Amino acid sequence: MIALRKLAGLSTKNRLRKAAELLRGFEVEIRTSRPVDSYYLAGLCETLVRSDTADAVRERAVKLEERLRKAGLSLSGLLSPDFGRECGVICTIILTELGTALADWDLRVPGTELLDSGARRVLPVDLFLEDLRSPFNVGNIFRSAEAFGVRHIYLSPATPSPEQPRASRSSMGASLAVPWSVCSLPEACLAFGYSGDGTQVIALETGGTGIGSYSFPSGGLLLVGNEEWGLSEEALSRADVRLSIPMGGAKASLNVSVAAAITLQRWFESRQ
């Protein structure tokens, strides 16, 4: 780590960038239950307090330094997760002040990008993503799919690849844990092995049966469509059921990745 005296001598912008990097490192160490140098962290907070930066940064740094000193400073000790959270918050405020887009900041914890696929509880549930536009939505859907036991994700040729940098970033490593392939809808249905016996092809689309009153099958293929136009007529014609999420808002619309996450959670919970 850079000496605090040297850090204080950097230009304001470089000092803040380096401080954000250091805070990110402390956040990771605390989150992964590794010992940290709380003396250095307290000194880093003191440096930020003296820096030409946003009041929000100085205020949070003062509070963190006070908490560290009350907890007892150590060259090599463990800190509770809340200290890591506070490091992350200050880091985020600094990045915002510097004009760094938060979407461009890699939030994955180093060393944890590769998830243990063997630890997943996998259900006989597959996904087909039809002509999505946003890599971020693709990544977010992969993250939800990993969390709720999706077995395989099929992507139409027009859907962004999960290997695209923005999709990979938003998936938080899930795109490396959930198997996927690129194919047409008929090919996905064939690969899924739809038999109509205890499984269903489900279209997630407006104007259908509410998920609260729907009895999820033991397995199935969930079809998720384009952010603007929804599912194609072909996809709707292949579905056994059209499933919708009841809403009370004036817009009556959800981001496609949010809608997919809600549906997958309900499906997963129903199989417990």
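In short, a report on the structure. (Residues numbered from 1 in each chain as written. Predicted model: local features only at pLDDT ≥ 70, side-chain atom pairs only at ≥ 80, totals over all residues. Heavy atoms only, no water.)

### Let's talk about the packing of aromatic side chains
What the rule picks out here adds up to four aromatic pairs. Among the aromatic residues, those joined into a ring-pair cluster are Tyr214, Phe216 and Trp267. Taking the ring centre of Phe83 as reference, the NZ or CZ of Arg67 above it sits at 4.4 Å. (Phe/Tyr/Trp six-rings, centres within 6.5 Å; stacked < 30°, edge-to-face > 60°. Lys NZ or Arg CZ within 6 Å of the ring centre and 35° of its normal.)

### Side note on a nonpolar patch on the surface
Taken together, the side chains of Met247, Leu254, Val258 and Ile262 define a hydrophobic patch exposed on the protein surface, amounting to about 280 Å² of accessible area. Tracing the chain through its elements places Ile262 in helix H10 (residues 256-270). (Patch = residues over 30% accessible without salt bridge, like charges linked within 9 Å, V, L, I, M, F, W, Y side chains within 5 Å. Areas by Shrake-Rupley, 256 points an atom, 1.4 Å probe, with all protein chains shown as cover. Salt bridge = Lys/Arg side-chain N within 4 Å of Asp/Glu carboxyl O. Helix = DSSP H or I, 4+ residues; strand = E, 2+ residues; numbered from the N terminus.)

### Side note on the nonpolar core
Ranked by size, the top nonpolar core spans 31 residues in total, and within it Leu127, Ile153, Leu222 and Val224 carry the most contacts. Contributing elements (two or more residues each) for this core: strand E1 (125-129), helix H6 (135-147), strand E2 (152-155), strand E4 (199-210), strand E5 (219-224), strand E6 (241-244) and H10. Per-element tally for this core: the top contributor is H10, with six residues. Of all hydrophobic cores here, the second largest spans 28 residues; its members include Leu16, Leu22, Leu23 and Ile94. (Core = buried A, V, L, I, M, F, W, Y, C linked by side-chain atoms within 4.5 Å. Buried < 20%, exposed > 50% of the residue type's maximum accessible area, 1.4 Å probe, protein only.)

### A short note on the sheet that holds E2
With parallel pairing, the six strands of this open sheet are ordered in space as E3-E2-E1-E5-E4-E6. This sheet does not close on itself; its edge strands, each paired only once, are strand E3 (180-182) and E6. Strand-to-strand, the axes of this sheet are offset by a mean angle of 30°, without reference to chain direction. Bridge count between E4 and E6: five bridges; the pairing is parallel. Paired with Gly210 across the strands is Ser244, a residue of E6. Relative to E5, helix H8 (residues 185-192) is tilted by about 165°, and along the sheet it contacts E1, E2, E4 and E5. In the packing of H10 onto the sheet, the strands contacted are E1, E4, E5 and E6, and the crossing angle to E5 comes to about 170°. (Pairing = 2+ DSSP bridges. Axes fitted to C-alpha atoms, helices over the stretch in contact; angles between N-to-C directions. Contact = heavy atoms within 4.5 Å.)

### Examining the packing of helix H2 (residues 12-31) against helix H5 (residues 81-98)
Running from amino to carboxyl end, H2 crosses H5 at an angle of 155°, the nearest separation of the two axes being 8 Å. One element, H2, and the other, H5, form an angle in the roughly antiparallel class. As H2 packs across H5, the resulting crossing turns out to be left-handed. Contacts between H2 and H5 pair Lys13, Leu16, Arg17, Ala19, Ala20, Leu23, Arg24, Phe26, Glu27 and Ile30 from the former with Pro81, Phe83, Gly84, Cys87, Gly88, Ile90, Cys91, Ile94, Leu95, Glu97 and Leu98 from the latter. (Parallel < 35°, antiparallel > 145°, perpendicular 65-115°, else oblique. Left-handed = near helix turned anticlockwise from the far one by under 90°.)

### Digging into helix H3 (residues 38-49)
Side chains that are three or four residues apart share a direction in an α-helix, a result of its 3.6 residues per turn. Between its terminal C-alpha atoms H3 stretches 16 Å, which fits the 16 Å expected from twelve residues at 1.5 Å a residue. The buried fraction of H3 is high, at nine of twelve residues. Taken together, the buried positions of H3 are Ser38, Tyr40, Leu41, Ala42, Gly43, Leu44, Cys45, Thr47 and Leu48. The secondary structure elements touched by the buried residues of H3 are helix H1 (4-8), H2, helix H4 (55-71) and H5. Regarding H3, its N-cap is Asp37, as a side-chain oxygen of that residue lies 3.1 Å from the backbone nitrogen of Tyr39 further along. (Expected span 1.5 Å × (residues − 1). Polar contact = N/O pair within 3.5 Å; in protein donor to acceptor, adjacent residues only side chain to side chain.)

### A word on the pairing of E1
Taken residue by residue, a regular strand's side chains alternate between the two faces of the sheet. Judged by how many residues are buried, E1 sits mostly within the fold: five of five residues are covered. Side-chain alternation along E1 places Val125, Leu127 and Leu129 on one buried face and Asp126 and Phe128 on a second face that is also buried. Here E1 runs beside E5; their pairing, made up of five bridges, is parallel. Among the inter-strand pairings, Val125 is bridged to a residue of E5, identified as Gly220. Judged from the four bridges that link them, E1 and E2 form a sheet pairing that is parallel. Bridged to Phe128 within E2 is Tyr154.

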